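Chain by chain, the residues run as shown.
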Amino acid sequence: MRFYLQKIGFYVAALWAALTLNFVLPRLMPGDPVDIMLSKLSARGPVAPETRRSIELMLGVDSDESIFSQYASYLGNVFRGDLGVSVTYFPQTVTDTIAATLPWTIALMGIATIIAFVLGIVLGMLAGWKRGSWLDNLIPVTTMFQSVPYFWLALVLLYIFASVFRIFPTNGGYDVYGTSPGLNWPFISSALYYGTLPALTIVLSSVAGWMLGMRNMMVSTLSEDYILTAEAKGLTPRRIRTMYAARNAVLPSLAGFAITLGFIVAGSIVTEQVFSYPGIGQTLLSAVQNNDYALMQGIFLVITLSVLGANLLVDLLYSVIDPRTRARA
Amino acid sequence: MHLTTTRRRPRRTLALATALAGTVLALSACSGGGAAGGGGGNTGDGITVFNGATGNIAENWNPFTPTALQPTLGIIHEPLFYYNLASSDAPEPLLGTEFSWNEDGSQLTVTIREGVEWSDGEPFTTEDVAYNFNLRRETPEFNTSGQTPAAEAISDTQVVLTFDSPASYTQEANTLGNTPMIPQHVWEAKSDPVTDINADPVGTGPYTVGSINAQTYELEANPTYWGGEPKIPTVRYISLANADAASSALLAGEVDWMSSFFPGFEDLIASEPDLAWVNTPALTTSLFTCSNAALGCEGPQTDPAVRQAIYYAVDRDQLNNLAFEKVAELPSPTLLIPGRDDQWVSGEVEATAPSGADVAQATQILEAAGYAKGGDGIYAKGGQRVSLNVQVVSGYSDYIAAIDAMTQQLAAAGIELTSSQVAYNEWSANQQNGTFQLSMDSIGLGASTDPYFTYQPRYATESTVPVGESAGALNNARYSNPVVDAAVAAAGSTDDDAVKAEQYAIIQKEIARDMPYIPLVISSTLTEFNTSRATGWPTEDDLYAFPATWKAWDNGIVLKNLKPAN
């Protein structure tokens, strides 16, 4: 029990630190949202000196409030679940903005990350089991895909498959012309179709890491004494491979996987830029470009919570899977 | 026992994760807005527009908010008159048919079009017009000009707008051309007009809202539009991440109308028979200088001689070739647009800036001002070298290429130019607070083509503040000149074009000498069309509207002029 209390206490402290950083960092950026809005408006039409005041009133940007009282009300609002109103998407609330974009990111990045992990682990296990096979020789090829900068790989695949061969669409999350979002098959199939190429690039660029790690762990596990024992007992090779070798070899990868899950939200910016995918990464980018404090805080909060949550989950799960990690007090 | 339970766990976790991901995808489907519709668009009779929107689309049709979706202005809610910034023509009547000023310029009487209906079937009346102006005037959040007139409907066809001060002629374009008309019977019922997103907007414009979600929205032709139902049944707006995505969507035939610059556009468009483009240069790319030492500016550029020297030392033809794809045009030292604004340009200043570099002239100006060339080939005076830093937004590739070229051009005239690439936010903050020496920017569009809207915000003392305070998007050069101030005030208080022209001539003489904004080129504003689904787009010969997709009011004019291609 004390183990779990300690863990949870640590996460509460980490959450507070992260929330504070979320508050401070956006405010260290140069410029303020009203100036940026004015500067954008002025390129398209006239701006009067009085415009500044009217926009300040509308957005509720009260520059007189002290930074400490802003901080206090920010913390209070976060715990009430009120993330404020976005400046970029005024008058939409930050919660609504996140709710509209987060599912796309989680669906695309989540599925792609899981596919990459499963594929990498299975291939790594087989490669480690049969060293020197063709599968083992595949590893350098996949490592090459990982070593190419991700945005470059994505752009090249986009060019080949969407511009030259036109197998996949060039942009978007679904066919905006023929389908409308909802629980209907045309939309879901179109969303899957539009997500295939982005997902493919993510899988291609990340599968090598899992595969290499799993293969090497597999190799070292296979030299353990208990594998020899298992063989001596006459167990089938398949049982030894999965239940004795792979199960122990996968432990480090599993921890890495949980941490990767936490970074899904943060890691989606490049993918979404290249494929014009309607996720939270693009929203974060426009929040930063517009000095939209509330929206930035909201998205950072989502990232913070997902990273902390994933870590907590791993911590707790790990102690179940691998009893050795439980602290002996 | 222990073995069996843990054996299954990993598998179950994975199955759960997959199921979860599936649910999330389904959820994302629900959160999309749930509006019915779709169809049409790329495969049907409609057209698709990319207006520069990136990322998530948030529904907001509230014309008072600066974040409203762009079709709110001009397509759904129309103004009384339309001011075409691509020509010098008189304003075109829309919901208003005539207007006249009273003797002292404090009252504007507007006659409205009869027989106009809101899209919900109610008649459009003078009471609606009066309600519009009075709501703006009484709500500080909406009173963006600070000078919204009080309005009174004096009959079924006429409204009188009363300004707070006489000679309010400069408010005309903003009042008549920049004020969207909203229906009183709908807006009266809104509890908080400031944060209302005005869902299902009721307007008089050629299109109404069909469906919307976070990725796209579709407008439908308004069957009861006073000018006749538009010929293009649906118009879809999409959001794309960047200009690369836009250009590939255009080439793939997925977008019919957009305004983006992309490298090599001329050849790419020429290779597709259905695509066409038009260039409407209207924004003068200039080196903004922090010009006024008295207000806190620091650096060699506070000396007008240095600014003059830069003006002559720049080789604009080379800039056009190297950085602007040969579609930019020569600017005027008056900061007006040659051609469109010729009637306002006095003969006392050069009609356009020199196309090539005039190094002799530049060095002569510097030497006459007491500068001497140092051992490093750079001019200096009183120990201060003529070395300037120019700030530019990182990623603005044409501006960066232009700065690279200028660095060499100016070095030939003994002026050192260094550059710093910064994020948009920092660039904008520096410029507005005056913490820069030179800054690459362009002179934006005004409410009408009257030069007042170029001169008053950019050059008048009343539009600026000392360095360290934000000048908004106004006189960022911190220029202050009593002669210009007097002329701006005089031009702003008359309705007589001859008097205005006289005053503008005074301003032009001053600013051509002082050069707080050093004009480089008039940048292209490229707009690309796909003619396979719709025709009737603006052309170089018939600029009935400013064709750029980001230009609010003009979009409505363009859309109602389009016809299906076959």
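Remember, predicted model here, so these are calculated numbers, not experimental data.

Once that is clear, we can look at the pattern of salt bridges. All names here are of chain B. On inspection of all chains with the given rule, the structure shows 13 salt bridges over all chains. Taking the shortest distance from any N to any O, the salt bridge between Asp303 and Lys381 comes out at 4.0 Å. On the criterion of sequence distance, the pair formed by Asp303 in the loop between strand E13 (283–289) and helix H7 (304–313) and Lys381 in strand E15 (residues 379–381) is long-range, its members being 78 residues apart. Judged by its relative accessible area of 36%, Lys381 is partly exposed. Here Glu416 makes a salt bridge to Arg385, at a shortest N to O gap of 3.4 Å. Taken together, the residues Glu416 in strand E18 (residues 416–422) and Arg385 in strand E16 (residues 384–385) connect sequence positions 31 residues apart. When salt bridges that share partners are traced, they join Asp376, Arg385 and Glu416 into one network.

Here we take up the state of the cysteines. Residue and element names in this part refer to chain B. Counted under the stated rule, the structure contains one disulfide over all chains. Put simply, Cys290 and Cys297 are joined by a disulfide, and their sulfur atoms are 2.0 Å apart. One disulfide, between Cys290 and Cys297, carries an S-S torsion of -70 degrees and so falls in the left-handed class. Looking at Cys297, the relative accessible area reads 5%, which means it is buried.

Moving on, we come to the domain arrangement of chain A. All names here are of chain A. What the domain assignment lists for chain A is domain 1 (2–80) and domain 2 (102–328). The C-alpha centroid of domain 2 is placed 32 Å from the C-alpha centroid of domain 1. Residue-level contacts link 21 residues of domain 1 with 18 residues of domain 2. With both chains or domains summed, domain 1 and domain 2 bury close to 1900 Å², and 67% of this area falls on carbon and sulfur atoms. Considering only the side of domain 1, the residues that lose the most area to domain 2 are Phe3, Tyr11 and Asn22, jointly responsible for 30% of the buried surface there. Linking domain 1 to domain 2 there are zero salt bridges.

We now examine the interface of chain A and chain B. Opposite the 69 residues of chain A that make contact, chain B presents 77 residues. Interface of chain A and chain B: buried area, both sides summed, is about 5900 Å²; carbon and sulfur atoms make up 63% of it. Where chain A packs against chain B, one counts zero salt bridges. At the boundary of chain A and chain B, one finds six residue pairs in polar contact (both at pLDDT 80 or more). Elements represented by at least two residues in the side of chain A that touches chain B include exactly helix H2 (33–44), helix H3 (51–59), helix H5 (94–129), helix H8 (185–222), helix H10 (237–262), helix H11 (269–275) and helix H12 (280–289) of chain A. Element by element, the count of residues in the side of chain A that touches chain B is highest for H5 of chain A, at eleven residues. Considered class by class, the residues forming the side of chain A that touches chain B number 38 nonpolar, 22 polar and nine charged.

Once that is clear, we can look at the confidence of the model for chain A. Confidence along chain A averages 84 in pLDDT terms, with 96% of residues attaining 70 or more. Per-element averaging of pLDDT across chain A places H2 of chain A at the bottom with 77 and helix H9 (residues 225–233) of chain A at the top with 90.

Scoring rules and cut-offs
- Residues numbered from 1 in each chain as written.
- Chains lettered and ligands numbered in written order.
- Predicted model: local features only at pLDDT ≥ 70, side-chain atom pairs only at ≥ 80, totals over all residues.
- Heavy atoms only, no water.
- Salt bridge = Lys/Arg side-chain N within 4 Å of Asp/Glu carboxyl O.
- Helix = DSSP H or I, 4+ residues; strand = E, 2+ residues; numbered from the N terminus.
- Buried < 20%, exposed > 50% of the residue type's maximum accessible area, 1.4 Å probe, protein only.
- Disulfide = S-S within 2.5 Å.
- Domains from an automatic or database assignment.
- Contact = heavy atoms within 4.5 Å.
- Buried area = accessible area lost by both parts, 1.4 Å probe.
- Polar contact = N/O pair within 3.5 Å; in protein donor to acceptor, adjacent residues only side chain to side chain.
- Nonpolar A, V, L, I, M, F, W, Y, C, P; charged D, E, K, R; others polar.
- pLDDT = per-residue confidence, 0-100.

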